[in-house]
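Survey of secondary and tertiary structure
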Amino acid sequence: MNFKAFLNTFSGKAYTMPVVILYVTEGCNLKCLSCSYRLPMPGELTLSEIEQLSRELKAFGLKHIVYSGGEPLLRRDFRDICSLFAEIKVKQTLLTNGLLLLKRAEEFNGVFTEIIVSLDGADAETHNRLRGVNSFDLILEGIAKSRSINAAPQISIRTVLQKQNFRQLHGFIELAKQTGVNRISFLAADVQSEAYGRDNLEVRSQASESGTMTLDNNEVQELKKIIYDVSQKYENEFASGFISESPEKLMHIADYYSAINGNVEFPRNFCNAPMVSAVITSTGDIHPCFFLPKYGNLRENKFNELINSASIKKTRSSVKVMEPDRCKKCVCTLFIPPRAALMDRF
């Protein structure tokens, strides 16, 4: 049992930090509309710095490291990074666009508990258009390769439902079944935060104000009808967890777009991400989650000094009551119930 994690769920103080999301690079080999990651950041953390970080995280009770970016597989020493965390015996998950899976799957045999592959289209034309690179077929080959290796991890597909692909909801589910992945999950498009490298207003407005990603009122109603049809057709897939979200949770995606249009309140969120997790960027900035501002840098202070600073304690208190506007409008929450924390389910 993890009593320290249990205490985290009630407190503004972190007694342990079981989950860390690490951006190993902010370089990316796609050109997605929804994010601005293209080139690696100058001065990204070195392998030796990540080795030191792994020791600090182990000392603070790390259970699960999630690699994100950018595209983690672009980093040439990524396998060495994974070995550092294998040495401290923590669960490892890869968030990837999948483009390099075919090339590097064998190299990472037995490393990951789960590989989560992001897909923006249920067919090549849609996906390639939204990603800016002809990548769909190669990604499916990479998924097949990852499934074929000896110590195959759980493989999931994650899709952002937005204006240019929401009518493919049925198609995404069928694609997931055909490829043999373990599950598929869906999110709404974040068009309002500074996450994903969109740290200037001009970049964010390309997705939101132009309406290239958000649904209009008629499309919201159309999406609700599609979700209802999906809930009837794929009842077993919902019940088994193959589709990660419940039909009610999928309806929250439609409600989110309706709220952006000013028609309803944003769906109520529950989140305790800052209490049980931290996000570390490729240059050492530490954030409470993907979307909230940083509260320090690991090149300036040790992890155990930052994780209970006055700034993050204040943030945890405000998130607990969903006070920040960003939290009220969040599309990607994390909530670990106290009992799950106590049972060490990370």
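All of the points below concern the structure found in this document.

Definitions and limits used
- Residues numbered from 1 in each chain as written.
- Predicted model: local features only at pLDDT ≥ 70, side-chain atom pairs only at ≥ 80, totals over all residues.
- Heavy atoms only, no water.
- Helix = DSSP H or I, 4+ residues; strand = E, 2+ residues; numbered from the N terminus.
- Rg over C-alpha atoms; globule rule 2.2 N^0.38 Å.
- Buried < 20%, exposed > 50% of the residue type's maximum accessible area, 1.4 Å probe, protein only.
- Contact = heavy atoms within 4.5 Å.
- Areas by Shrake-Rupley, 256 points an atom, 1.4 Å probe, with all protein chains shown as cover.
- Lys, Arg positive; Asp, Glu negative; His and termini not counted.
- Charge placed at Lys NZ, Arg CZ, Asp CG, Glu CD.
- Pairing = 2+ DSSP bridges.
- Core = buried A, V, L, I, M, F, W, Y, C linked by side-chain atoms within 4.5 Å.
- Axes fitted to C-alpha atoms, helices over the stretch in contact; angles between N-to-C directions.
- Arc of directions from axis to C-beta.
- Patch = residues over 30% accessible without salt bridge, like charges linked within 9 Å, V, L, I, M, F, W, Y side chains within 5 Å.
- Salt bridge = Lys/Arg side-chain N within 4 Å of Asp/Glu carboxyl O.
- Disulfide = S-S within 2.5 Å.
- Parallel < 35°, antiparallel > 145°, perpendicular 65-115°, else oblique.
- Nonpolar A, V, L, I, M, F, W, Y, C, P; charged D, E, K, R; others polar.

**Observations regarding the overall build of the chain**
The number of helices and strands found in the chain is 16 helices and 8 strands. In terms of overall size, the chain behaves like a compact globule, its C-alpha atoms giving a radius of gyration of 20 Å where 346 residues would be expected to give roughly 20 Å. Looking at the chain as a whole, 55% of its 346 residues are labelled buried. Residue pairs in contact within the chain that sit at least 24 positions apart in sequence constitute 71% of those at least 6 positions apart. Surface accessibility of the chain: about 15,500 Å² in total, with carbon and sulfur atoms responsible for 50%. Charge-centre separation for the chain: the mean point of 42 positive side chains lies 6 Å from the mean point of 39 negative side chains.

**Regarding the pairing of strand E2 (residues 64-68)**
Within E2, 5 of the 5 residues are buried, which leaves the element mostly enclosed by the surrounding structure. Taking every second residue as pointing to the same face, both faces of E2 are buried, with His64, Val66 and Ser68 on one and Ile65 and Tyr67 on the other. By the bridge criterion, 5 bridges tie strand E1 (residues 19-23) to E2 in an arrangement that is parallel. Residue pairing in the sheet places Leu22 in a bridge with Tyr67 of E2. Taken together, the 4 bridges between E2 and strand E3 (residues 91-96) define a ladder with parallel strand orientation. Of the residues in E3, the one forming a bridge with Ile65 is Gln92.

**What to know about the nonpolar core**
Counting residues in hydrophobic clusters, the biggest one holds 84 residues, and the most contacted among them are Tyr67, Phe78, Phe85 and Phe186. Residues in contact with Tyr67, not counting those within four places in the same chain, are Leu22, Val24, Pro72, Phe78, Ile81, Cys82, Phe85, Gln92, Thr93, Leu94, Leu95 and Phe112. Core analysis: the next-biggest nonpolar cluster, separate from the first, contains 20 residues, Tyr37, Leu99, Ile116 and Ile336 among them.

**Overview of the sheet that holds strand E6 (residues 183-188)**
Taken in spatial order, the 8 strands make up an open sheet running E6-E5-E4-E3-E2-E1-E7-E8, and their pairing is mixed. If you trace the sheet from one side to the other, it starts and ends with E6 and strand E8 (286-287), each paired once. Taken together, the 6 bridges between strand E5 (residues 154-161) and E6 define a ladder with parallel strand orientation. Bridge pairing in E6 places Thr159 opposite Phe186. Most of the contacts of helix H3 (residues 78-87) go to E2, to which it runs at about 170 degrees, and overall it touches E1, E2 and E3.

**Re helix H14 (residues 310-320)**
Listing the buried residues of H14 in full gives Ile312, Thr315, Arg316, Ser318 and Val319. Down the axis of H14, the sector holding all buried residues measures 165 degrees, keeping them to one side. Opposite its buried face, H14 presents the exposed residues Ala310 and Lys314, each directed more than 90 degrees away. Backbone geometry just after H14 places Met322 at a positive phi near 55 degrees.

**Observations concerning a nonpolar patch on the surface**
Together, Met1, Phe3 and Met343 make up a nonpolar patch on the protein surface, roughly 360 Å² of accessible area in all. Its place among the elements puts Phe3 in helix H1 (residues 3-8).

**Looking at unusual backbone geometry**
A cis amide bond links Gly69 to the next residue, Gly70, at an omega of 25 degrees. The backbone of Met322 shows a phi angle near 55 degrees, a positive value even though the residue is not glycine. Along the chain, the position of Met322 falls in the loop between H14 and helix H15 (325-328). One non-glycine residue, Asp344, adopts positive backbone phi at about 65 degrees. Tracing the backbone through its elements, the reader meets Asp344 in the segment after helix H16 (338-342).

**Section: the state of the cysteines**
According to the stated counting rule, one finds 0 disulfides in the structure shown. In this model Cys289 remains outside any disulfide bridge; the closest cysteine sulfur is found in Cys327, 6.2 Å from its own. Sulfur of Cys330: no disulfide; nearest cysteine sulfur belongs to Cys332 and is 6.2 Å away.

**Some remarks on the environment of Tyr256**
Tracing the backbone shows Tyr256 in helix H11 (residues 247-260). For Tyr256, a relative accessible area of 4% gives the class buried. The spatial distance from the C-alpha of Tyr256 to the C-alpha of Ala189 is 9.3 Å, given a sequence separation of 67 residues. Ignoring sequence-local partners within four residues, the contact set of Tyr256 consists of Ala188, Ala189, Asp190, Val191, Phe266, Pro267, Lys329 and Val331.

**Quick word on the packing of helix H5 (residues 124-131) against helix H6 (residues 136-148)**
Angle between the axes and distance between the axes: these two values describe a pair of packed helices. The N-to-C vectors of H5 and H6 enclose an angle of 105 degrees; their axes lie 9 Å apart at closest approach. Judged by the angle between their axes, H5 and H6 are roughly perpendicular. On H6, the residues touching Ala124, His127 and Asn128 of H5 are Phe136, Asp137 and Ile139. Grouping the amino acids of the contact of H5 with H6 by side-chain chemistry returns 3 nonpolar, 2 polar and 1 charged.

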